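# Remarks on the overall topology
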Amino acid sequence: MTSASPDTPRGPGPASGAGPLPGPWRDPTLDPEARVEALLRAMTLPEKTAQLYGVWVGASDDGAEVAPHQHDMEEPVDLDALLPTGLGQLTRPFGTVPVDPALGALSLMRTQARIAAANRFGIPAVAHEECLAGFAAWGATAYPVPLSWGATFDPELIREMAGTIGRDLRAVGVHQGLAPVLDVVRDARWGRVEETIGEDPYLVGTIATAYVQGLESAGVVATLKHFAGYSASRAGRNLAPVGMGRRELADVILPPFEMAVRESGVRSVMHAYTDTDGIPAAADDGLLTGLLRDTWGFTGTVVADYFGVAFLKTLHGVAGSLDEAAGVALAAGVDVELPTVKAFGGPLLDAVEHGRVPESLVDRAVRRVLLQKVRLGLLDPGWSPVPPALAGMVPDADIPETSGASDPEDLRGAVDLDPASNRELARRVAERAVVLLRNDGTLPLDPAVPRRIALIGPTAEAPTAVLGCYSFPVHVGGQHPDVPLGIALPTLHEALRAEFPAAEFAVAAGTGIDDGATDGIAEAVALARGADLVVVALGDRAGLFGRGTSGEGCDAESLDLPGAQGRLLDALLDAVRDTGTPLVATLLAGRPYVLGRAAEEAAALVQSFFPGESGTAAVASVLSGRTAPSGRLPVSVPRHPGAQPSTYLAARLGHASEVSSIDPAPAYGFGHGLTYTSFDWSELAVETAESPTDGAFRLSFTVENTGARAGTELVQLYLHDPVASVVQPVQRLVGYARLDLAAGERKLVRVEVPADLASFTGRDGTRRVEPGSLELRFAASSTAPRLTAHVTLTGPVRQVDHRRRLHADFRIAPSAPVLPPVPSVP
């Protein structure tokens, strides 16, 4: 029998004008599981499968119902034909086309009312959106990208940011956010580095867990992605095969996901596109069911990365048809096909009806979807399609045609997704994420001193140079050039003028971001020679699939600066070497780049990773000293463009040696970042130097701000295991703490380090803690150890599992100042 079209409806819809069928599923006093089981028994097969897919739509800017979005990977969707059996999800109503937020909320409201009215049970859809750097909607706040979250080393701040993003999503009727990304950077050439939090699994895990906690606190379903291994694609190419062993997967890739599942309350996970050792993630029951659910205890939904179920046929070749792909994905543990109906529509129905896919697999997935909807309140008797942002503005009506204001235009501008409080929060995150890589004393600059500043470089006057590829103005706005950006994006030039009102600026691009043009370099050099200070503005242009230098599908062949930016920088360094003029290089980028001679010759280097709408002001405030720099590198800055793939998490053979001509040592290591003050670390006391393999070490030391300014020191704890039964990285981060210290202030740092943090995956695939000597290195970065404690684990090898302790316990307290010795009395 020929498979039905994916949008072919089957089964009954509601009678005209009838309300939803009554039943236990609408009784909020019952256990959610009991409500779901009752509903599942009442549903037909087509009604069940309808809950397992989404439809990609765009909200209407006149408040009318959403319109299906067409894509070259989609078949046309007929909502009238689909809706009588129900609908699982609405894909990106705000993130598909520019729409006024209030009218978009009205459009979504009317569509939800229509969806609920069209099916027998009155079940609305879950609406999801991207929120990787803020709500990806027109006019919404553009926060720094996740790589900047990592640079803050501040989970509390990221939790606050995510809570704000979640409240904005929920206010306009969105239920699920497709963030955060927990991929650990393995090769900085990968285009999606900007979407990651960094190259260390512990940093990624702690920051991502905080983000999930914030989003979920607002009632929005967070989505962990991409589970798992996507970032380890060969040669840094997007969606390339992944070749890694089970220990790299277990000890580097999986820990952030494990931490988030255990600690955050996350309710959804998105599978990765990639295949690892020949097994696509979407077809990996050992990953999506055995590990995620049976071992870790995850109870939420697994959603497909966009088109990922169909990719089992078209890209991976492990399914010969869409119905086979649907069966493979369901068996593995995928519950929802996104972004639109394809394999889980007609092909899945045919496969179940003909016995090729067990209906029990459909039931398993539908249970999870309906349980989530019940817990979101979508089946409660009092459910209303009116979102909080429109409460009191439109009548609470069930019939789409009669709901809404008398004139939808009266609502235009009524919902503000970028209020002053959001912008202030975006500023705080951006400021905390700026990393001062190098400073010879030139910074900070006194804003009151008149000076001639040559501002040179391709990001000096580019408003969107602060945005990542999943920010709305880049992701969608570029396709609508006649539509305003929707938010204020001051250029670096504008921000510097505001920060340094006494300065005189001369501006030249010198070259484009990636056009390779060199005809403007001579003009730039002339400006530099006539200036008191040169500020070089370098970086990336975010885009998608080759339309940028950073972003999804914008992978780099090397880590040289894009285009002719490296030649421009060298020419300016030559110019200022002749004149003695200080040169400060700033980077607005999505990945780390080789800085060449500037790593030793520039007066200062300031790194910011796509810092969002307040990003240029944040960079300017660090240059002036109004903001004390406190960011630290979440990824190493390479010294040579060809030393990839490389992260600080390398084993001994991954470091420089006499048998290779390539030195992978970074110019600036993971965790590096300077301040405008100095710190002294002293008085290390090892209270527990020996511990059994089920115990803990206890240590303390003092950190003092010995400079004249307030500042932040980041205490990083690295573990070095010199002898283990399998090869280990030379060191790995197992804890960190931010210390804000006034000038002259001292703080006592007490740390308990569980033996569990020394665990790793052994030869038999199980996690173990082995007896033996360890080094606990308290460091300012992966390349700057300050204090080292030699400790020993004793007793037998101990097997541990997902219930092990994941964190060192840092306790920070004021410390009495060191008093000079009292002179003896003669």
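Starting afresh in each chain, residues are numbered from 1 along the sequence in its written order. The predicted origin of the model limits local features to residues at a pLDDT of at least 70 and limits the giving and counting of side-chain atom pairs to 80 or more, whereas totals for whole chains, interfaces and linings rest on all residues. For the side-chain quantities, the full set of heavy atoms in the structure was used; hydrogens and water were omitted.

## Considerations on the overall build of the protein chain
- Secondary structure summary: the protein chain contains 21 helices and 30 strands in total.
- For 826 residues, the compact-globule formula gives about 28 Å, and the C-alpha radius of gyration of the protein chain, at 28 Å, lands near that figure.
- Summarising its shape, the C-alpha atoms of the protein chain cover approximately 100 × 70 × 55 Å along the three principal directions.
- Relative accessibility under 20% of the residue-type maximum defines a buried residue, over 50% an exposed one, and the middle range a partly exposed one, all with a 1.4 Å probe and only protein chains included. Expressed as a percentage of its 826 residues, the buried residues of the protein chain come to 63%.
- Throughout, a residue-residue contact means that at least one pair of heavy atoms, one from each residue, lies within 4.5 Å. In the protein chain, once contacts between residues fewer than 6 apart in sequence are set aside, the share between residues at least 24 apart is 80%.
- Positive charges come from Lys and Arg alone, negative charges from Asp and Glu alone, with His and the N- and C-terminal ends not counted. To locate a charge, take NZ of a lysine, CZ of an arginine, CG of an aspartate or CD of a glutamate. Of the side chains in the protein chain, 68 bear a positive and 99 a negative charge, and the two mean positions are spaced by 5 Å. Each helix is a run of H or I in the DSSP string that is no shorter than four residues. Each strand is a run of E no shorter than two, and both are numbered from the N terminus. This radius of gyration counts C-alpha atoms alone. The globule rule is 2.2 Å times how many residues there are, raised to the power 0.38.

## What about unusual backbone geometry?
- Between Leu 338 and the following residue, Pro 339, the backbone shows a cis peptide bond with an omega angle of 5°.
- The omega torsion across Leu 443 and Pro 444 is 5°, close enough to zero to call that bond cis.
- Assignment of secondary structure puts Pro 444 in the loop between strand E11 (435–439) and strand E12 (452–456).
- Here the phi dihedral of Phe 307 falls at roughly 70°; this positive angle occurs in a residue that is not glycine.
- Notably, Phe 545 is not glycine yet its phi reads approximately 50°, a positive angle.
- Along the chain, Phe 545 turns up in the loop between strand E14 (533–539) and helix H19 (565–579).
- On the accessibility criterion, Phe 545 (52% relative accessible area) is exposed.

## Description of the packing of helix H6 (residues 155–171) against helix H15 (residues 420–433)
- Between N-to-C directions, angles cover 0 to 180 degrees, with each direction set by a line fitted to C-alpha atoms, over the stretch in contact for helices. Taken N-terminus to C-terminus, the directions of H6 and H15 make an angle of 150°; their axes are 11 Å apart at the nearest point. The angle between the axes of H6 and H15 places the two elements in the roughly antiparallel class. The way H6 lies across H15 gives a crossing that is left-handed. Side by side, H6 and H15 meet where Leu 157, Ile 158, Glu 160, Met 161, Thr 164 and Asp 168 of the first sit next to Asn 422, Leu 425, Arg 428, Val 429 and Arg 432 of the second.
- In terms of residue class, the contact of H6 with H15 is built from five nonpolar, two polar and four charged. Orientation categories follow fixed angle ranges, with anything under 35 degrees roughly parallel, anything over 145 roughly antiparallel, 65 to 115 roughly perpendicular, and all other angles oblique. Each helix crossing is assigned a hand: it is left-handed if the near helix lies turned anticlockwise from the far helix by less than a right angle, otherwise right-handed if that turn is clockwise. Residue type decides the class: Asp, Glu, Lys and Arg count as charged, Ala, Val, Leu, Ile, Met, Phe, Trp, Tyr, Cys and Pro as nonpolar, and the leftover types, Gly among them, as polar.

## Topic: the side chain of Ser 60
- Along the chain, the position of Ser 60 falls in the loop between strand E1 (54–58) and strand E2 (67–68).
- With residues near it in sequence (within four places) discarded, Ser 60 still touches Glu 65, Val 99, Leu 103, Gly 104 and Ser 107.

## Some points on the layout of surface pockets
- Roughly 990 Å³ of internal volume is contained in the largest pocket.
- The wall of the largest pocket is formed by 43 residues, among which Arg 186, Asp 251, Val 252, Leu 649 and Pro 729 lie closest to the centre.
- When contributions to the lining of the largest pocket are tallied by element, the ones reaching two or more residues are helix H7 (201–217), helix H8 (246–253), helix H9 (255–263), strand E23 (732–741) and strand E25 (760–761).
- It is H8 that provides the largest number of residues to the lining of the largest pocket, a total of five residues.
- Among the residues forming the lining of the largest pocket, the class breakdown is 20 nonpolar, ten polar and 13 charged. Using a grid of 1 Å spacing that covers the protein atoms alone, one calls a set of points a cavity when a 1.4 Å probe fits there but cannot get out, and a pocket when the set is open and has protein on both sides within 12 Å along at least five of seven lines; lining residues are those with an atom within 4 Å of a point. Grid points are joined across faces, edges and corners, and a volume is the space filled by probe spheres set on the points.

## Quick notes on the packing of aromatic side chains
- Two aromatic rings from Phe, Tyr or Trp, using only the six-membered ring of Trp, form a pair when their centres are within 6.5 Å; if the ring planes differ by under 30 degrees the pair is stacked, by over 60 it is edge-to-face, and anything between is tilted. Inspection of every chain in the model, using the stated rule, returns 17 aromatic pairs.
- When the ring of Phe 701 is compared with that of Phe 778, the centres are 4.6 Å apart and the planes differ by 50°; the resulting orientation is tilted. Within this pair, whereas Phe 701 is found in strand E21 (residues 696–705), its partner Phe 778 is found in strand E27 (residues 772–781), the two being separated by 77 residues in sequence.
- Owing to a relative accessible area of 0%, Phe 701 belongs among the buried residues under this scheme.
- Of the residues examined, Phe 778 reaches a relative accessible area of 0% and is grouped as buried.
- Ring pairs connect the aromatic residues Phe 153, Tyr 202, Tyr 648, Phe 670, Tyr 718 and Tyr 736, which therefore count as one cluster.
- A ring is scored as having a charge over it whenever the NZ atom of a lysine or the CZ atom of an arginine sits within 6 Å of its centre and within 35 degrees of its normal. One Lys or Arg, Lys 225, reaches over the ring of Tyr 470 and ends 5.8 Å from the middle of that ring.

## Focus: H15
- Expected helix span is computed as 1.5 Å times (number of residues minus one). Here H15 spans 20 Å end to end across 14 residues, near enough to the 20 Å set by a 1.5 Å rise per residue.
- Those residues of H15 that fall on the buried side of the exposure criterion are Asn 422, Leu 425, Ala 426, Val 429, Ala 430, Glu 431 and Ala 433.
- If you follow the buried residues of H15, they end up packed against helix H5 (146–152), H6, E11, strand E16 (604–609) and helix H21 (615–624).

## A short note on the nonpolar core
- We call a set of buried Ala, Val, Leu, Ile, Met, Phe, Trp, Tyr and Cys residues a nonpolar core when their side-chain atoms join them within 4.5 Å. In terms of nonpolar packing, the biggest core is built from 236 residues, with Tyr 211, Phe 227, Phe 344 and Leu 583 touching the most fellow members.
- Contacts of Leu 583, omitting those with residues within four sequence positions, involve Val 534, Val 536, Leu 569, Leu 572, Leu 573, Val 576, Ala 602, Ala 603 and Ala 604.
- Within the second largest apolar cluster, 32 residues are counted, among which are Leu 719, Leu 739, Val 753 and Ala 755.

## Here we look at the confidence of the model for the protein chain
- Here pLDDT means the predictor's own confidence in every residue, given as a number from 0 to 100. When pLDDT is averaged along the protein chain, the result is 93, and 95% of the positions lie at 70 or above.
- Low confidence marks residues 397–404, where pLDDT is under 50. Its contacts with residues over four positions away, or in another chain, come to 16 contacts.

## As for the sheet that holds E27
- Strands are treated as partners if at least two bridges between them are detected by DSSP. Pairing in this open sheet of five strands is mixed, and the strands run E20-E28-E27-E22-E23 from one edge to the other. If you trace the sheet from one side to the other, it starts and ends with strand E20 (690–692) and E23, each paired once. This sheet shows a mean twist of 30° between the axes of neighbouring strands, independent of strand direction.

## Section: the packing of helix H12 (residues 322–332) against helix H13 (residues 346–353)
- Between H12 and H13, the shortest axis-to-axis distance is 8 Å and the interhelical angle comes to 80°. In terms of orientation, H12 lies roughly perpendicular with respect to H13. Residues Leu 322, Asp 323, Ala 326 and Leu 330 of H12 form the contact with H13, whose own contacting residues are Pro 347, Leu 348 and Ala 351.
- A class-by-class count of the residues in the contact of H12 with H13 yields six nonpolar, no polar and one charged.

## Focus on the environment of Leu 371
- Topologically, Leu 371 is positioned in helix H14 (residues 359–375).
- C-alpha of Leu 371 to C-alpha of Leu 30: the two residues are 341 residues apart in sequence and 12 Å apart in space.
- If sequence neighbours within four positions are ignored, Leu 371 has contacts with Pro 32, Glu 33 and Val 36.

## Some points on H7
- For H7, which comprises 17 residues, the first-to-last C-alpha distance of 24 Å matches the rise-based estimate of 24 Å (1.5 Å per residue) to within 8%.
- The element H7 is largely enclosed, with a buried count of 15 among its 17 residues.
- For this analysis, a polar contact is any N or O atom pair within 3.5 Å, provided that within protein one partner can donate a hydrogen and the other can accept it, and provided that sequence-adjacent residues contribute only side-chain to side-chain pairs. Its side-chain oxygen at 2.8 Å from the backbone nitrogen of Tyr 202, Asp 200 defines the N-terminal cap of H7.
- Looking one or two places after H7, you find Gly 219, whose phi comes out positive at around 85°.

## Observations concerning the sheet that holds strand E26 (residues 767–769)
- Strands sit in the order E25-E26-E29 across an open sheet of three strands; the sheet is antiparallel. On the outer flanks of this sheet lie E25 and strand E29 (798–800), each paired with one strand and no other.

## What about the pattern of salt bridges?
- By convention in these notes, a salt bridge is any Lys or Arg side-chain nitrogen within 4 Å of a carboxyl oxygen on Asp or Glu. Throughout the structure, instances matching the rule amount to 46 salt bridges.
- One salt bridge in this structure joins Arg 356 and Asp 323, with 2.7 Å as the shortest N-O distance. Residue Arg 356 is found in the loop between H13 and H14, and its partner Asp 323 is found in helix H12; the two are separated by 33 residues along the sequence.
- We classify Asp 323 as buried; its relative accessible area is 11%.
- A network of salt bridges, in which partner residues are shared, links Asp 570, Asp 574, Arg 577, Arg 597 and Glu 601.

## A closer look at the side chain of Glu 770
- Its location among the elements puts Glu 770 in the loop between E26 and E27.
- Looking at Glu 770, the relative accessible area reads 13%, which means it is buried.
- Among the polar contacts listed, one links the side chain of Glu 770 to the side chain of Ser 725, at a separation of 2.3 Å.
- Side chain to side chain, Glu 770 and Arg 768 meet in a polar contact 2.8 Å long.
- Setting aside anything within four residues of it in sequence, one finds Glu 770 in contact with Thr 693, Ala 724, Ser 725, Phe 760, Leu 793 and Val 797.

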